[in-house]
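# Architecture and fold: a report
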Amino acid sequence: MIDLRVQTKLFIAIAANILLFIGVILFVIKPYFVEKSIEQDRAMTRDQIESVSEVFANHRLMLERTLVDWSVWTNVFDFVQGNNESFVEKNLGEDTLDNLGIGAMIFLDENREVVYSEFNQFYELDREAERTAFTNDLLRYVNSSGVKQSAVYGTDFGPVVFMSHPIFRNDGSKDQGGTLILIEKIGPDFMATMSAQAKTKLSISPLSHQRLTIERDDQFARVSLPLQSIYQDANWEINFSVKRTYYSNTETMLELGMFGLLVLGIGLLLTLFWTVNQIITKRLVEIVNELKGITKERNSRLRIRLNPGKRDEIEQMAISMNEVLDALEQTQKESLTRAFRDSLTRLPNRLAVEEVFMSLPESPRVIGVMGIDLDNFRRINDQFGQRTGDAMLTFFASRLMFYKEDGFVARTGADEFILIHPGWTVEELKIVANQLMRDLREWGLKQGMNHLTLSIGIDELTDPAHHTYEVMMARLDVVLHEVKASGKDNILSYQDIEDGSHYLQALEMERDLRHALRHDEFELYYQPIVSPQPFRVRGVEALIRWHHPQKGFVSPGVFIPIAEQLGLISDVGRWVLVRAITEMQAHAEHFDLFLSVNVSKRQILDGSFLEALEETLAMTDFPPARLHVEITESEVGGNVYELQQFIQALKAIGVKISLDDFGVGTSSLSYLQSLRLDIIKIDQNFVKGIPENKFDRALLEGLYQTFHTLGLDIVTEGVERPEQLAFVLEYSGSLIQGYHYSKPIPIDQLHHYLRKSVLTQI
Ligand code: C2E
Ligand code: CA
Ligand code: CA
């Protein structure tokens, strides 16, 4: 899992932006609007103050007008002078004050004595005592602060508006008859009327501030308006509040706006988070994880899973990545092809077979397989040179390419090829196999090579469970092994082996071998083994020959393995032993020679050789010390116990043990040493490259040194050329067996050879 870097970064970036936005609103936009709204609210408050002042001023004006009307009047003048008795009766009716909108009207004479007072009914000052108290209050006020034109002063009944005017005659003379006072009670009714006119709720209270004051809170501006500005004397103020509509509206608006923005921002963030996760991060992580998987599995065929429904950039990227993977796979395939190709024949090599076999079209009904070995290729290579060997391989490869059609061919070893053809059956393969044999034989004849042969195993895999490389190779191995065991130069199918039909050939061979034993078709040839300096024949190796009545000469390399398989080797072995001892007894004595006979594994294991040996030695008086038994190195592995027993038995008899074809097998030196061998015969293949091949030279030199150190006698096989002899002489005191001295020869020829060798010191 990867950490969600992209997402987090985006998240932070956007969150930061939203915060910045909110910051701007909070510190720039909000103050601006707030200021503006405060300004607007102030203006509104000012307007309201003005309108309240106006309402009171108008009221005073109205009172003044009434006051002037009544006080500049001769009737009133006379009345306060005591000369107009009927004034009250005539002018002050029950409803007069009410109609005038005045609370009380009080007439004073020149000495400020109350002449008459009239009260509005609504003032509820009905009782005489109350009126007297009110009037006394008034007089006390007038006497203490002088007669004011206008005032508001507090009484026991609450504040009242006080208005006064001197009383004059109508004619304009300056004589003041007294003073007329108008009173208006500032009660709930009065305030209600004023509030209605000022269009705001007004209240009155004793003066607390000398000046106009405005106190603001979030909601309201509370105004205290002193009445001094309107009345000459007033210790009262009017209170009212103006709602700060603009301010609170702005505040609410901004708060709402910010809240909305926050909600929007969070919503946006979540949406973004989800979207980025859904369409980007999640899929990117998926792709990354898939890529990791592909890297881990190292399987070039894996691809990122695509999402064909989506056609966005990420999908495009995934497609591009797959294209890169395609290209990589292609490159890999190409380099594999290069690694999988044999440079000489240009055919794919063994490594490619598995690859190809795995990538065969989906379960074909049948897969035809053919394994081919070029018989004795090594010998041909040695005998005719590597160039010819190469030419033979190239030629053969070209024939395979020619016949393969849409199958597949590969060179799986130095002289091994394989042909795979889905759909071909054994019959079809056999036709090609025969054709290949014919082609090679003809080519060989043109090159002056007599009998080029092939070992071919074929197989048809019909069971899909067998359609694997391992099964295919295993079955092919079995067939090819059978072909070689039956003497090479043959075509066998796995099916032949399964139904036993290949034994028909073997049966034929068995019959022939039995016939050969009875009819004396075998003969022994002897090949001298010599010590070169000074020259002396030290011994001979008995090598069997078969003159087949129809087939002519059959090589022991071919029929010995078959005889072994058929269980006839013990009979053959017994024959060889008896014949060799009988033929060689005299010569061995006379020329002081040892006699070397070959024994195969089977003879060792079934005890037949020991039995035959004891019998023969008892029958003849051949000295056991002159007898050497050759055990083939490649056969020695396994059956360690039996082999040790065998060797012990031979030692007990006094027979010597020779290890044949050393270097072909893979036995370790320490193991060989434990076998207590007497002689090691180094396989002819080591000598072949001498002296040209540096590697062979080093190898042989090393072997000589090792065996010398181990105190073993050595026979070097296959010495053909003087240079080879020179090399052996230089590096060892090895005995020598090879065409340089003599091929295997019949007994009478050997007799001549031995005589001559003694006489002439060849
Ligand atoms: P081997 O025991 O290694 O015998 C030596 C083989 O090398 C012989 O082949 C011999 O002809 C050949 N040879 C010797 N000197 C040279 C040389 O200088 N150049 C070349 N190119 N070849 C040389 P041969 O006689 O065909 O025998 C083949 C094999 O058959 C023997 O190999 C041996 O394993 C087996 N064999 C022969 N006779 C008997 C036998 O009586 N019993 C058993 N069990 N196996 C036998
Ligand atoms: Ca031998
Ligand atoms: Ca040998």
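Preceding block: the structure.
Here is a short report on the structure shown in this document. (Residues numbered from 1 in each chain as written. Chains lettered and ligands numbered in written order. Predicted model: local features only at pLDDT ≥ 70, side-chain atom pairs only at ≥ 80, totals over all residues. Heavy atoms only, no water.)

### Section: helix H2 (residues 74-81)
The test is simple: Think of it in three bands: residues with accessible area under 20% of the maximum for their type are buried, residues over 50% are exposed, and the middle band is partly exposed, with areas taken using a 1.4 Å probe on protein chains only. Only runs of H or I of at least four residues qualify as helices and only runs of E of at least two qualify as strands under DSSP, and these elements are numbered from the N terminus. Think of the arc as the fan of directions from the helix axis to the C-beta atoms. Residue contacts follow a heavy-atom distance rule, with two residues in contact if any of their heavy atoms lie within 4.5 Å.
Turning to H2, its buried residues number three or more, namely Val 76, Phe 77, Phe 79 and Val 80. Seen along its axis, H2 keeps its buried residues to an arc of 160 degrees; they face one direction. Looking at the packing, one finds that the buried side of H2 touches helix H1 (5-71), helix H3 (87-91), strand E1 (104-109), strand E2 (114-119), strand E4 (158-167) and strand E5 (178-185). Positive backbone phi, at 85 degrees, marks Gly 82, one or two positions downstream of H2.

### What to know about the coordination of the calcium ion (ligand 2)
Ideal coordination angles are 109.5 degrees for a metal with four donors arranged tetrahedrally and 90 or 180 degrees for a metal with six donors arranged octahedrally. Keep this limit in mind: Each metal site lists N, O and S donors within 2.8 Å (3.2 Å for Na, K and Ca). With water left out of the atoms, a site can look as if it is missing ligands.
At 2.0 to 2.3 Å from the calcium ion (ligand 2) lie its protein donor atoms, namely Glu 541 (OE), Asn 598 (OD1), Glu 630 (OE) and Asp 660 (OD). Expressed as a motif, the donor residue spacing for the calcium ion (ligand 2) is E-x56-N-x31-E-x29-D. A gap of 4.0 Å separates the calcium ion (ligand 2) and the calcium ion (ligand 3), which Asp 660 links by coordinating each metal. Here Asn 598 is found in strand E19 (residues 594-599), whereas its partner Asp 660 is found in strand E21 (residues 656-662), with 62 residues between them in sequence. Residue class for Asn 598 comes out partly exposed when judged on its relative accessible area of 28%. With relative accessibility at 5%, the residue Asp 660 sits in the buried group.

### Regarding the packing of aromatic side chains
Operational definition: Any Phe, Tyr or Trp ring, taking Trp's six-membered ring, that has another such ring centre within 6.5 Å forms a pair; planes under 30 degrees apart are called stacked, those over 60 apart edge-to-face, and the others tilted.
In the structure shown here, the tally under the stated rule is 25 aromatic pairs. On the numbers, 5.5 Å between centres and 85 degrees between planes, the contact of Phe 119 with Phe 134 is edge-to-face. A residue pair is termed long-range when its members are at least 10 positions apart, and Phe 119 in strand E2 and Phe 134 in helix H5 (residues 128-145) qualify at 15 residues. In this structure Phe 119 comes out as buried when scored by relative accessible area, which is 6%.

### Here's the deal with unusual backbone geometry
Across the junction of Gln 533 and Pro 534, the peptide omega takes the value -5 degrees, indicating a cis bond. With an omega of 0 degrees, the peptide bond running from Ile 690 to Pro 691 counts as cis. Residue placement: Pro 691 occurs in the loop between helix H23 (684-688) and helix H24 (694-710). One non-glycine residue, Lys 199, lies in positive phi territory at about 55 degrees. Its location among the elements puts Lys 199 in the loop between helix H6 (188-198) and strand E6 (203-206). A positive phi is found at Glu 405, a non-glycine position, where the angle reads about 50 degrees. By the secondary structure assignment, Glu 405 is in the loop between helix H11 (386-403) and strand E12 (408-413). On the basis of relative accessibility, which here comes to 57%, the residue Glu 405 falls in the exposed class.

### Regarding the packing of H24 against helix H25 (residues 722-731)
Keep this limit in mind: Axis definition: a line fitted to C-alpha atoms, over the contacting stretch in the case of helices. Angles run 0 to 180 degrees between N-to-C directions. Angle categories are assigned with fixed cut-offs, so that under 35 degrees is roughly parallel, over 145 is roughly antiparallel, 65 to 115 is roughly perpendicular, and the rest are oblique. Handedness of each helix crossing follows the sense of rotation of the near helix against the far helix: counterclockwise by less than a right angle gives left-handed, clockwise gives right-handed. Under the convention adopted here, Pro, Cys and the residues Ala, Val, Leu, Ile, Met, Phe, Trp and Tyr are nonpolar, Asp, Glu, Lys and Arg are charged, and Gly plus all remaining residues are polar.
Packing of H24 against H25 brings their axes to within 10 Å, and their N-to-C directions diverge by 40 degrees. With respect to H25, the element H24 is oriented oblique. Where H24 crosses over H25, the two elements pack in a sense that is right-handed. For the pair H24 and H25, the contacting residues are Arg 697, Leu 700, Glu 701 and Tyr 704 in the first and Phe 727, Val 728 and Tyr 731 in the second. Looking at side-chain class alone, the contact of H24 with H25 contains 5 nonpolar, no polar and 2 charged residues.

### What to know about the coordination of the calcium ion (ligand 3)
Looking at the calcium ion (ligand 3), one finds its protein donor set to be Asp 660 (OD), Asp 661 (OD), Glu 717 (OE) and Glu 717 (OE), positioned 2.3 to 2.4 Å from the metal centre. Look at where the donors of the calcium ion (ligand 3) fall in the sequence and you get D-D-x55-E. What makes Glu 717 buried here is its relative accessible area of 7%.

### Regarding the sheet that holds strand E14 (residues 454-461)
Going by this rule: When DSSP finds two or more bridges between a pair of strands, those strands are recorded as paired.
Pairing is mixed in the open sheet, where 5 strands are placed in the order E12-E13-E11-E14-E15. Each end of this open sheet is capped by a strand with a single partner; those strands are E12 and strand E15 (490-493). Direction aside, the axes of adjacent strands within the sheet are offset by 20 degrees on average. With 8 bridges joining them, strand E11 (residues 367-374) and E14 adopt antiparallel strand pairing. Residue Ile 372 lies in a different strand from E14, and its bridge partner there is Ile 456. Sheet contacts for helix H9 (residues 350-358): E11, E12, strand E13 (416-422) and E14; angle to E12, the most-contacted strand, approximately 140 degrees.

### Thoughts on the side chain of Asp 678
Counted only if it meets this: As used in this structure description, the phrase polar contact means that two N or O atoms lie within 3.5 Å; if the pair is within protein, one of them must be able to donate a hydrogen and the other to accept it, and residues adjacent in sequence are counted only when both atoms belong to side chains.
Counting through the fold element by element, Asp 678 comes out in the loop between helix H22 (669-674) and strand E22 (679-682). Separated by 3.5 Å, the side chains of Asp 678 and Lys 651 make a polar contact. Among the polar contacts made by the side chain of Asp 678, one reaches the main-chain amide nitrogen of Ile 657 at a distance of 2.7 Å. Apart from the residues lying within four places of it in its own chain, the contact partners of Asp 678 are Lys 651, Lys 656, Ile 657, Leu 712 and Asp 713.

### As for a nonpolar patch on the surface
Threshold: Patches were defined on residues exceeding 30% relative accessible area and lacking a salt bridge, with like-charge contacts within 9 Å and nonpolar side-chain contacts (Val, Leu, Ile, Met, Phe, Trp, Tyr) within 5 Å. Computed with a 1.4 Å probe, the accessible areas rest on the Shrake-Rupley method; for each residue, only the protein chains presented here act as cover. We define a salt bridge as a side-chain nitrogen of Lys or Arg found within 4 Å of a carboxyl oxygen belonging to Asp or Glu.
There is a patch of nonpolar side chains on the surface, built from Leu 20, Val 24, Leu 26, Phe 27, Val 28, Ile 29, Tyr 32 and Phe 33 and spanning about 760 Å² of accessible area. With respect to the helices, strands and loops of the structure, Leu 20 is situated in helix H1.

### Focus: a negative patch on the surface
Which entries qualify depends on this criterion: In this count, Lys and Arg are taken as positive residues and Asp and Glu as negative ones, while His and the chain termini are left out. By convention, the point assigned to a charge is CZ for Arg, NZ for Lys, CD for Glu and CG for Asp.
There is a patch of like negative charges on the surface, built from Glu 405, Asp 406, Glu 427 and Glu 428. By secondary structure assignment, the location of Glu 428 is in helix H12 (residues 426-447). Judged by relative accessible area, which is 34%, Glu 428 ranks as partly exposed.

### Side note on the site of ligand 1
Rule in force here: Nearness is defined per residue: one heavy atom within 4 Å of the molecule or strand is enough.
Surrounding ligand 1, one finds 21 residues, the nearest of these being Gln 527, Asp 660, Gln 684, Glu 720 and Tyr 739. When the free accessible area of ligand 1 is taken as 800 Å², the share hidden by the protein chains comes to 83%. Considering each element in turn, the shell around ligand 1 owes the most residues, 4 residues, to strand E17 (residues 536-548).

### A word on the pattern of salt bridges
Overall, the coordinates contain 33 salt bridges when judged by the stated rule. With a closest N to O distance of 3.6 Å, Asp 382 and Lys 688 form a salt bridge. Linking Asp 382 in helix H10 (residues 377-384) with Lys 688 in helix H23, this pair joins segments that are 306 residues apart in sequence. Judged by its relative accessible area of 28%, Lys 688 falls in the partly exposed class. One salt bridge connects Arg 626 with Asp 592, and the closest N-O pair in it is separated by 2.7 Å. Within this pair, whereas Arg 626 is found in the loop between helix H19 (608-619) and strand E20 (627-632), its partner Asp 592 is found in the loop between helix H17 (569-591) and E19, the two being separated by 34 residues in sequence. On the basis of relative accessibility, which here comes to 18%, the residue Arg 626 falls in the buried class.

### Re the sheet that holds E6
Strands sit in the order E6-E10-E8-E7 across an open sheet of 4 strands; the sheet is antiparallel. The open sheet has two edge strands with one neighbour each: E6 and strand E7 (213-216). Each adjacent strand pair in this sheet contributes to an overall mean axis angle of 25 degrees, direction not counted. Inspection of the sheet shows strand E8 (residues 220-226) paired to strand E10 (residues 236-243) by 7 bridges, in the antiparallel sense.

Spatial relationships are all this shows, so hold off on functional conclusions.
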